[in-house]
Structure formats: C-alpha cells, structure tokens
Amino acid sequence: MTVSTMLNESGLTSSDVSGGNQMNKSKDKMDSHRINDNGPATNNGSSSNAQTLLHQQDQQTKNDYRHPQHQGAGTTRNTSRYHPDEWTATGPKIEKQMGEPVIVIDRLYKTYKIPGSDESVRALNDINLSSDSEFAPVRRGEFVILRGPSGGGKTSLLNILGTIDLASSGKIQILGEVIDEKSNDAYLSDLRLRRIGFVFQTFNLLATMSAFENVELPMTIRGKLSVKERKKRALELLTLVGLQDRVAHLPSELSGGEQQRVTIARALGNNPEI
Ligand SMILES: Nc1ncnc2c1ncn2[C@@H]1O[C@H](COP(=O)(O)OP(=O)(O)O)[C@@H](O)[C@H]1O
Ligand SMILES: [Mg+2]
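Since the model is a prediction, treat every value here as computed from it, not as a measurement.

A tally of helices and strands in the protein yields six helices and 11 strands. A total of 274 residues make up the protein; the buried ones form 29% of that total. Put simply, of all contacts in the protein between residues at least 6 apart along the chain, 62% involve residues at least 24 apart.

The next subject is the packing of helix α4 (residues 211-222) against helix α5 (residues 227-240). Direction vectors running N to C along α4 and α5 enclose 130°, while the axes themselves pass 9 Å from each other. The angle between the axes of α4 and α5 places the two elements in the oblique class. The hand of the α4/α5 crossing is right-handed. In this structure, α4 uses Ala211, Phe212, Val215, Glu216, Met219 and Thr220 to contact α5, whose residues at the interface are Arg230, Lys231, Arg233, Ala234, Leu237 and Leu238. Residue classes in the contact of α4 with α5 are distributed as seven nonpolar, one polar and four charged.

This brings us to the pairing of strand β10 (residues 169-174). Pairing geometry for strand β6 (residues 101-113) and β10, over five bridges, is antiparallel. Across the sheet, the residue bridging to aspartate 106 is lysine 171, located in β10. When β10 meets strand β11 (residues 177-179), the two strands line up antiparallel, connected through three bridges. Each bridged residue has a counterpart across the sheet, and for isoleucine 172 the counterpart in β11 is isoleucine 179. Counting the residues in the hairpin turn of β10 and β11 gives two residues, including leucine 175, whose phi is positive at 50°.

The subject of this paragraph is the nonpolar core. Counting 16 residues, the largest nonpolar core has Ile105, Leu108, Leu157, Ile160 and Ile172 as its most contacted members. Of all the secondary-structure elements, those providing two or more residues to this core are β6, β7 (120-129), α2 (154-161) and β10. Here the element with the most residues in this core is β7; it accounts for four residues. Apart from the residues lying within four places of it in its own chain, the contact partners of leucine 108 are Leu124, Ile127, Ile160, Ala167, Gly170 and Ile172. Membership of the second largest hydrophobic core comes to 11 residues, among which are Ala211, Leu238, Leu243 and Ala265.

Moving on to the site of ligand 1. Near ligand 1 you find Tyr112, Ile114, Val121, Ala123, Gly148, Ser150, Gly151, Gly152, Gly153, Lys154, Thr155 and Ser156, and these make up its full shell. Elements that contribute at least two residues to the shell around ligand 1 include exactly β7 and α2. No other element matches the three residues that α2 contributes to the shell around ligand 1. Grouping the amino acids of the shell around ligand 1 by side-chain chemistry returns four nonpolar, seven polar and one charged.

Attention now goes to the packing of α4 against helix α6 (residues 256-268). Across the interface, α4 lies against α6 with an axial gap of 7 Å and an inter-helix angle of 25°. When the axis of α4 is compared with that of α6, the two are roughly parallel. Relative to α6, α4 is oriented so that their crossing is right-handed. For the pair α4 and α6, contact is made by Ala211, Asn214, Val215 and Pro218 and by Val262, Ala265 and Arg266, respectively.

Here we come to α6. An ideal rise of 1.5 Å per residue puts 18 Å on 13 residues; α6 measures up with 19 Å between its terminal C-alpha atoms. Of all the residues in α6, the buried ones are Gln259, Arg261, Val262, Thr263, Ala265 and Arg266. Each element contacted by the buried residues of α6 is listed here: α4 and α5.

Moving on: the confidence of the model for the protein. The predicted model of the protein averages 77 in pLDDT, with 65% of residues at 70 or higher. When the criterion is pLDDT under 50, residues 1-10 qualifies, and its contacts beyond four places in sequence or with other chains add up to 49 contacts. Predicted confidence is poor over residues 73-82, with pLDDT under 50, and the contacts of this stretch with residues over four places away or in other chains come to 18 contacts.

Criteria and cut-off values
Residues numbered from 1 in each chain as written. Chains lettered and ligands numbered in written order. Predicted model: local features only at pLDDT ≥ 70, side-chain atom pairs only at ≥ 80, totals over all residues. Helix = DSSP H or I, 4+ residues; strand = E, 2+ residues; numbered from the N terminus. Buried ≥ 20, exposed ≤ 12 C-beta atoms within 10 Å, placed from the backbone. Contact = placed C-beta atoms within 7 Å. Axes fitted to C-alpha atoms, helices over the stretch in contact; angles between N-to-C directions. Parallel < 35°, antiparallel > 145°, perpendicular 65-115°, else oblique. Left-handed = near helix turned anticlockwise from the far one by under 90°. Nonpolar A, V, L, I, M, F, W, Y, C, P; charged D, E, K, R; others polar. Pairing = 2+ DSSP bridges. Core = buried A, V, L, I, M, F, W, Y, C linked by C-beta atoms within 7 Å. Near = placed C-beta within 6 Å. Expected span 1.5 Å × (residues − 1). pLDDT = per-residue confidence, 0-100.

This is the structure in structure tokens:
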C-alpha cells in the first residue's frame, strides 16, 4: 500500500490525501518517506514536488532488489544508485516482520494562539494515521522519515508524538497509551521517560551538567538501573556517538554537532521503544 500526505496552505494535513500517482497536485509541500526497516525508500522521482510516501511492507517487497550487503539491514538507500549487476532478486530474503501499531493518530489538529492577539496559526489540520483512514499507523520495526518545508508543521507533529506538546484536538496512541488534550503532565512525562527517545532540534542539554551527567540523568530519574550499571551505560552511549573523550565537558564546551550527539546518547539511555 502506498499512501501520501500533503501539506496544504493551512498546514500539515492528511485530509487531502491521495494515492501515490496523484501526489504531484501539491507543488510546494511536505515530502517524507516511510520504509520498512529492511527495505529501500523509493519515491516517484518528482523531487521538486513535495509529497509524502508512506511505504509499507507489501509495497516494498515488490521492489526488494537490494545489494546482498544491504539485505536484512535497515537502509534508506535508493537502489537505483547501484549497478543492476549488483542487484539480487533471488537471493535468500531476510524479512523483518513489522509488529503492532505503535503510533496511531486520529483527527489531530494543532492551532497556536498568538498571545495578546486574536490571531492564531493552524499548524496541523486533520492528521490521521489509523486503521480506518487512508494512512496506516506506524508499526513496530518501521523507520519513518517526515520532511517538508520550513514552517510546514513537522516539529509541531513530532512534539505531539513525543509527548512534549499537546494537540488542540484529536488523539494519538503511543504504544497503546491514549493521549488527548486532557492528558496531564505527570502522565506524559512518565510515558516519555519510559518509552520514547526524543532528540531535540535545539539540544536542550542542561548547561551546568557535563555530557556524561546529561546522558545519565534520564536513567537516574527512571531508577531502573543500579548506579554502576547506569554509569557504564552512559559511557557506552557516549562512546557509541564518538564522544568518549568529551564526557566531562559542559555543553558550552562542545560543538553544535557534539551537543547533538550527546542528545542522541541521552535519548537512548532508557532503551526506548520509539
Ligand atoms: N509556539 C508557536 N506559536 C505560534 N506559532 C507557532 C508556534 N510554533 C510553531 N508555530 C507556527 O506553526 C507552523 C508550523 O511550525 P513548525 O511545526 O515548527 O514547522 P516545521 O518544523 O515544519 O518547520 C509555522 O507556521 C510556525 O510559525
Ligand atoms: Mg522544525
């Protein structure tokens, strides 16, 4: 199944969604790819026209001509970059089955009120990823990319999915846990701590804590690991992102890219499902 979402003038929307071949009708908007963890992302080659392709397993298995080295590994490579002689259509196929839905979205709207003014900005306009919409939920094992123009609503949607912000109306289900505009902060922060890894665009590292302490903090708050275990894990994660020589540095003593890598390590601390 291939589905597409497009962004209209008033924001990210899934209401004017069409099948894959009609995607060109939105000329300036959102483009994202959704692939199975073991499959290539593909698009229809229309690079200037914005689209969203949500590729699901049944779609991508038809096109599974990957280089043997890439079989079984998650990849977003477009296979057309490889010489045909390197492709295989017959080799042993390693299929990673996608699991249950982990992100379900139902009639999601986000409108920002501008303080001191009657004006408001609608960033999300009837977004749906559900079994009875044209868009299927995100399932466990899927790798999804959302891309689109600046101001198009990507961060608004990710903030809601990451439980950082609440929608104006509509509901989402994250790993089966229902979130709507009435969900309270304690519930959301607990869900986030246990099950979601979130990498902030603007880092949001604690300025007075070292890289190591920033990575350790969510594990400390969660309290599941012993002191020794979480210190070992913090060091492992910082090593994983190549920052083993910067563990004692404050965020202000790190480059932007290094800070971003600390936030990635921090996001992985509690082994999140999303
Ligand atoms: N806190 C806010 N208050 C008012 N408007 C906002 C706020 N955050 C985002 N917006 C507006 O919502 C729209 C979507 O923003 P955003 O989700 O950040 O887009 P993207 O991440 O795709 O660049 C933009 O028009 C932006 O100006
Ligand atoms: Mg953004």
